[in-house]
There are 2 protein chains.
Amino acid sequence: MVSIEAPDIVVGRLPIYLRALTFMAEKGQEITSSQELSEKLGISSAQIRKDLSHFGEFGKQGTGYEITYLRDQLKRILHVERTWPVALVGYGDLGHALANYAGFAPKGFEIVAVFDNAPHKIGQQVAGKDVKDLSELPKVVREQNIRVAIIAVPSSAAQEAADMLVEAGIKALLNYAPINISVPSSIQVQYIDPAAHLQHMTYYL
Amino acid sequence: MVSIEAPDIVVGRLPIYLRALTFMAEKGQEITSSQELSEKLGISSAQIRKDLSHFGEFGKQGTGYEITYLRDQLKRILHVERTWPVALVGYGDLGHALANYAGFAPKGFEIVAVFDNAPHKIGQQVAGKDVKDLSELPKVVREQNIRVAIIAVPSSAAQEAADMLVEAGIKALLNYAPINISVPSSIQVQYIDPAAHLQHMTYYL
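Below or above, wherever it landed, is the structure these notes cover. Bear in mind the structure is a predicted one, so any value in this text is a computation, not a measurement.

Analysis parameters
- Residues numbered from 1 in each chain as written.
- Chains lettered and ligands numbered in written order.
- Predicted model: local features only at pLDDT ≥ 70, side-chain atom pairs only at ≥ 80, totals over all residues.
- Heavy atoms only, no water.
- Pairing = 2+ DSSP bridges.
- Helix = DSSP H or I, 4+ residues; strand = E, 2+ residues; numbered from the N terminus.
- Contact = heavy atoms within 4.5 Å.
- Axes fitted to C-alpha atoms, helices over the stretch in contact; angles between N-to-C directions.
- Core = buried A, V, L, I, M, F, W, Y, C linked by side-chain atoms within 4.5 Å.
- Buried < 20%, exposed > 50% of the residue type's maximum accessible area, 1.4 Å probe, protein only.
- Phe/Tyr/Trp six-rings, centres within 6.5 Å; stacked < 30°, edge-to-face > 60°.
- Lys NZ or Arg CZ within 6 Å of the ring centre and 35° of its normal.
- Least-squares fit on C-alpha atoms with pLDDT ≥ 70 in both.

## Some remarks on the sheet that holds strand β5 (residues 109-116) of chain A
Residue and element names in this part refer to chain A.
And then number 1: One open sheet holds the seven strands; their spatial order is β6-β7-β5-β4-β8-β9-β10, and the pairing between them is mixed. What marks the edges here is a single partner per strand, and that holds for β6 (125-126) and β10 (188-191).
And then number 2: Pairing between strand β8 (residues 148-151) and strand β9 (residues 172-175): four bridges, direction parallel. What sits directly across from Val 148, in β9, is Ala 172.
And then number 3: On top of the sheet, helix α8 (residues 155-168) reaches β4 (84-89), β8 and β9; it is set at about 170 degrees to β8, its chief contact.

Have a look at this one:
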């Protein structure tokens, strides 16, 4: 197992491979190949083989990849064979949609706490949880040992939310606000940028 | 200009470069380097130079990239020097958040029509538009020459929405529902998959 120092760009493709493998497994498929994955994902088969080779030997020449095995190995490599508790900051329309989103649980995440600072939102129920006052965030993050958070506040409040989360001990931030946030280099940050996905497609139009 | 047959995976990184360059330009910065971009984006400088070389010669040895020039070239390559009209299907919490999202306009997109099939939503106003009945979609897409659409409906309705959009003439689909959708190979599809971004980060935790 040589998982040390895989380039970040390769790490970022593992969830894409995991998604495709999970989908195939759900359909009852047992074996796949880098060629088949390539056709489904628009990534060359050579790239897929090279990416996976950073983490071990998963396929056999001539027989391909055993889907559930490779899926389980990718889950382990990405540390999602467990479920991570997630804090959500911002209970507007987007926060509400995220709190009810069905796509987290199958991928190893559960939103366990929702925060906002608008008095009329505090105490509202969503997906079995109370919306809590932002001032409770440090205590809740500590008590529930939360290390992953989602920022779903307006752009003007995103940096402040990020600062508060980092201060509380969060190590990974997913930011929906369309601005760059500044955090210490030890903190992971990812952006949801729907316009970037649209630009990827308009290239072809 | 050799933009023919750049790998899709390279095309997918151009919006990331464009985002970083736009951010630098807004800060008043004039020149950058593949090294600086590498540090900001977690992509190796060799990869960045190789990616850009598919589309032309943008940098000078020893002086780096002129930010606004490279930004404008990337906009042109991605076809976002214009504004694309976008149809949004689904006016739940997520649809409402997307209709009000401030991140589309600066990147070349404008949601011009919002559709739902729930009678009580039809006619509601959002960001200067009426929510329209889904049955009007083919007519509106044709009349406004819309080729890009966003699917923000529940998983159970996403394939049907995709079929309807493709039938109406849409060429690029951004799907928020956490399921794979099937479309003809001539249609571009991208997924918003927040759990994949979280998995990318938990690799490091």
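After that view of the structure, there is still more to cover.
## Some points on the nonpolar core
And then number 1: Ile150(A) and Ile150(B) are the most contacted members of the largest nonpolar core, which totals 99 residues.
And then number 2: Ile150(A) has contacts with Val86(A), Ala87(A), Leu88(A), Val89(A), Leu98(A), Phe104(A), Ile111(A), Leu174(A), Tyr176(A) and Leu198(B), leaving out every residue within four places of it along the chain.

## Focus: the packing of aromatic side chains
And then number 1: Counted according to the given criterion, the structure contains six aromatic pairs over all chains.
And then number 2: An angle of 85 degrees between the planes, with centres 6.2 Å apart, marks the rings of Phe55(A) and Tyr203(B) as edge-to-face. Of this pair, Phe55(A) sits in the loop between α4 (45-53) and β2 (59-60) while Tyr203(B) is found in the segment after α9 (194-202), placing the two residues in two different chains.
And then number 3: A relative accessible area of 11% places Tyr203(B) in the buried class.
And then number 4: Pairing Tyr203(A) with Tyr204(A) gives two aromatic rings, centres 4.9 Å apart and planes at 90 degrees, and the pair type is edge-to-face.
And then number 5: The lysine or arginine in question, Arg82(A), covers the ring of Trp84(A), its NZ or CZ lying 3.7 Å from the ring centre.

## Considerations on the relation of the copies chain B and chain A
And then number 1: Mapping chain B onto chain A calls for a screw motion: a turn of 180 degrees about the axis and a shift of 0.0 Å along it, with 0.0 Å RMSD after fitting. Seen this way, the second copy is the image of the first under a two-fold rotation axis. Proximity to the rotation axis, assessed at the C-alpha, singles out Asp93(B) in chain B; its C-alpha lies 2.4 Å from the axis.
And then number 2: The fraction of interface residues of chain B whose copies in chain A are also interface residues reaches 100%, indicating that both copies meet through the same surface.

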